[in-house]
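Structural overview for review
Listed here are the chains, written in short residue letters.
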Amino acid sequence: MIDLLALTAERDAPAADDLARCVHCGLCLENCPTYLETGKETESPRGRIHLIQALQEGRIEATGAFTQHIDRCLVCRACEAVCPSGVPFGRIMEAARADLKERREPVWTNRFTYWLLFKKLLPNRRRLRALASGLRWYQRSGLQHAVRASGVLASLPATLGQMERSMPSLPDHFFEAEGHFLPALGPARYRVGFFSGCVMPLAYGPVHEATIRVLRRNGCDVVVPRVQACCGALNVHSGERMMARELARRNVRAFLDLDVDYVVVNSAGCGSTLKEYAELLAGDPLWREWAERFGSRVRDVSELLVDLPFQQGLGPVRRRVTLQESCHLVHAQRVKAPPRALLAAIPELELVDMAHPDNCCGSAGIYSFAQPELSNQILDTRMAEVRATSADLIVTSNPGCMLQLQAGLERTGQRVEVRHLIEVLDWSYQSGTGQPPSGRASL
Ligand code: SF4
Ligand code: SF4
């Protein structure tokens with residue numbers, strides 16, 4: 001049994017060694033969505049590294065303009081994936097934001113928003129659930145319709161208006177399997193812990209249910225620990241590393257105590273953060289070791305399924321599909337082939353690639369709310385590529401991408417559906433076996 005240790009006040013700043021690895025070759029520029037949209041060196045990976053280095057060496061001040069260049073990075077890590085020098089851009093940017101947070105003059109509205117979101121809501125699943133229940137009532141009671149028709153949203157700050165418009169339509173029920181053990185259908189090959197997360201069980205409970213059905217069908221005993229916490233990804237990306245460390249410790253303890261073969265996650269952003277807990281806890285040798293053990297067991301659900309290998313019995317799904325590769329799966333975790341292998345195994349499914357399936361959609365955690373203008377610009381580029389495929393279904397692996405793509409389709413008036421990859425695999429299993437449709441009772 002592992003006990004939580006007292007929190008340590010670890011000071012974060014980008015490491016000089018990491019920054020020095022950039023040789024300023026510029027090979028990453030054409031992969032950077034913010035550079036492609038703006039054409040500015042200061043909105044490119046190379047430019048940002050240069051700025052961060054200059055700040056660390058005391059050659060410049062953290063002015064408003066500096067902060068804006070750092071804040072406008074999506075942390076999509078497309079630059080990291082193509083860098084020949086192995087510059088760990090994600091690690092640099094996350095540390096730079098934590099450092100910047102210490103240096104910035106606190107603006108009370110930002111402080112309040114951060115305190116509410118990162119310290120009171122995301123880490124507390126009971127409060128999140130109560131909020132989601134209230135929002136569902138707002139959506140179903142007719143109040144949302146009245147608010148939207150009244151035009152009042154236009155008078156709200158842009159961030160609030162964008163949040164309201166991007167809110168997913170909350171499902172009839174939330175994911176309720178925390179604390180449950182769900183045995184494999186047939187002989188068990190593995191015992192896996194299922195990472196549920198904070199927003200997914202509320203906004204995308206049916207995706208969790210589909211994931212568990214597919215895992216059980218593929219010989220996995222599934223344990224869903226009740227005491228798990230939010231992964232802390234949004235905290236890490238925003239420089240709130242103190243709370244992120246506390247959440248990491250909670251999750252490491254919850255899953256190591258279960259003694260599972262794998263920890264399975266279906267959200268690319270969460271998976272990337274879970275795999276990198278050892279970096280987050282690097283200042284604490286004991287926790288770092290536990291986090292390494294934990295991280296070595298984390299698998300995206302697509303990664304685990306292709307390694308099993310997954311069972312046949314898949315039936316036809318007659319759809320024209322395009323795949324939006326989630327940045328934190330393809331760039332951060334470098335998991336590219338498994339989602340494609342799963343789609344290729346589904347009979348009669350037609351996969352039509354966009355011109356740049358691995359370019360960011362502009363979601364990036366809270367980026368679409370914090371930087372609505374640039375986020376929408378990036379999203380419009382994606383939507384034009386979607387339109388060119390004539391697909392009727394976009395498949396992706398991250399809740400943030402699902403939300404953003406849905407918003408983009410509404411914004412550009414396209415009648416295309418957005419689904420998580422695992423939902424499409426679940427449909428395929430059901431059409432191949434005559435199983436009942438997905439739902440709460442069919443976990
Ligand atoms: S981050 Fe990598 S690819 Fe980009 S300029 Fe530096 S060394 Fe070149
Ligand atoms: S993380 Fe993404 S947005 Fe940020 S510099 Fe790299 S490629 Fe550009």
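Residues numbered from 1 in each chain as written. Chains lettered and ligands numbered in written order. Predicted model: local features only at pLDDT ≥ 70, side-chain atom pairs only at ≥ 80, totals over all residues. Heavy atoms only, no water.

Time to look at the packing of aromatic side chains. Enumeration over the complete set of coordinates arrives at six aromatic pairs. Aromatic side chains Phe195 and Phe255 sit 6.3 Å apart centroid to centroid with 40 degrees between the ring planes, which places their arrangement in the tilted category. Highlighted residues: Phe195 in the loop between strand E2 (190-194) and helix H11 (200-203) and Phe255 in helix H14 (residues 241-256), separated in sequence by 60 residues. A relative accessible area of 1% places Phe255 in the buried class. When the ring of Trp287 is compared with that of Trp290, the centres are 5.0 Å apart and the planes differ by 85 degrees; the resulting orientation is edge-to-face. Of the two residues, Trp287 and Trp290 are both situated in helix H17 (residues 285-295); the distance of three residues between them amounts to about one turn of the helix. Residue Trp287 is classed as buried on the basis of its relative accessible area of 0%. Of the aromatic side chains, those joined through ring pairs into one cluster are Phe195, Phe255, Tyr277 and Phe294. When the ring centre of Phe174 is taken as reference, the NZ or CZ atom of Arg136 above it lies at 4.2 Å. (Phe/Tyr/Trp six-rings, centres within 6.5 Å; stacked < 30°, edge-to-face > 60°. Helix = DSSP H or I, 4+ residues; strand = E, 2+ residues; numbered from the N terminus. Buried < 20%, exposed > 50% of the residue type's maximum accessible area, 1.4 Å probe, protein only. Lys NZ or Arg CZ within 6 Å of the ring centre and 35° of its normal.)

Attention now moves to helix H20 (residues 337-344). Of the positions making up H20, those classed as buried are Pro338, Pro339, Leu342 and Leu343. The buried side chains of H20 occupy one side of the element, clustering within an arc of 135 degrees when seen end-on. Away from its buried face, by an angle of more than 90 degrees, H20 presents the exposed residues Ala337 and Ala344. (Arc of directions from axis to C-beta.)

Next up on the list: helix H8 (residues 125-140). Spacing of three or four residues puts side chains on the same side of an α-helix, whose turn is 3.6 residues. Look at H8: 22 Å from first C-alpha to last across 16 residues, which is about the 22 Å you get at 1.5 Å a residue. All of the buried residues along H8 are Leu128, Ala132, Arg136, Tyr138 and Gln139. Mapping the buried residues of H8 onto a view down its axis gives an arc of 155 degrees, with all of them on the same face. Facing away from the buried side of H8 by over 90 degrees, the exposed positions are Arg126 and Trp137. Where H8 terminates, the next one or two residues include Gly142, which has phi positive at roughly 100 degrees. (Expected span 1.5 Å × (residues − 1).)

Okay, the sheet that holds strand E8 (residues 393-396) next. In a beta sheet, neighbouring strands are held together by backbone hydrogen bonds and run either parallel or antiparallel to one another. Taking strand neighbours across the sheet as the criterion, the four strands line up as E7-E6-E8-E9 in an open arrangement whose pairing is parallel. A single partner strand is all that each edge strand has here, and the edge strands are strand E7 (350-351) and strand E9 (417-420). In this fold helix H23 (residues 399-412) packs onto E8 and E9, with an angle of close to 175 degrees to the strand it touches most, E9. (Pairing = 2+ DSSP bridges. Contact = heavy atoms within 4.5 Å. Axes fitted to C-alpha atoms, helices over the stretch in contact; angles between N-to-C directions.)

Take unusual backbone geometry next. The phi angle of most residues is negative, glycine excepted, and most peptide bonds adopt the trans form. With an omega dihedral of -5 degrees, the bond running from Leu308 to Pro309 counts as a cis peptide bond. Its place among the elements puts Pro309 in the loop between helix H18 (301-307) and strand E6 (320-323). One non-glycine residue, His24, adopts positive backbone phi at about 60 degrees. With respect to the helices and strands, His24 occurs in the loop between helix H1 (16-20) and helix H2 (33-38). Take His24: its relative accessible area is 35%, and that puts it in the partly exposed class. One non-glycine residue, Ala364, lies in the positive phi region at around 50 degrees. Topologically, Ala364 is positioned in the loop between E7 and helix H21 (367-370).

Taken as a whole, the protein is organised into domain 1 (16-103), domain 2 (108-166), domain 3 (181-306) and domain 4 (313-441). For domain 1 and domain 2, the distance between their C-alpha centres works out to 31 Å. (Domains from an automatic or database assignment.)

This paragraph deals with the side chain of Asn266. Along the chain, the position of Asn266 falls in the loop between strand E4 (262-265) and helix H15 (268-275). One polar contact links Asn266 to Thr211, side chain to side chain, over a distance of 3.0 Å. Not counting the four nearest positions on each side in its chain, Asn266 is found in contact with Phe194, Met200, Val207, His208, Thr211, Asp300, Val301, Ser397 and His420. (Polar contact = N/O pair within 3.5 Å; in protein donor to acceptor, adjacent residues only side chain to side chain.)

The two faces of E8 match: Leu393 and Val395 on one face and Ile394 and Thr396 on the other face are all buried. When E6 meets E8, the two strands line up parallel, connected through three bridges. Across the sheet, the residue bridging to Val321 is Leu393, located in E8. By the bridge criterion, four bridges tie E8 to E9 in an arrangement that is parallel. Looking at the pairing, Thr396 lines up with His420 of E9.

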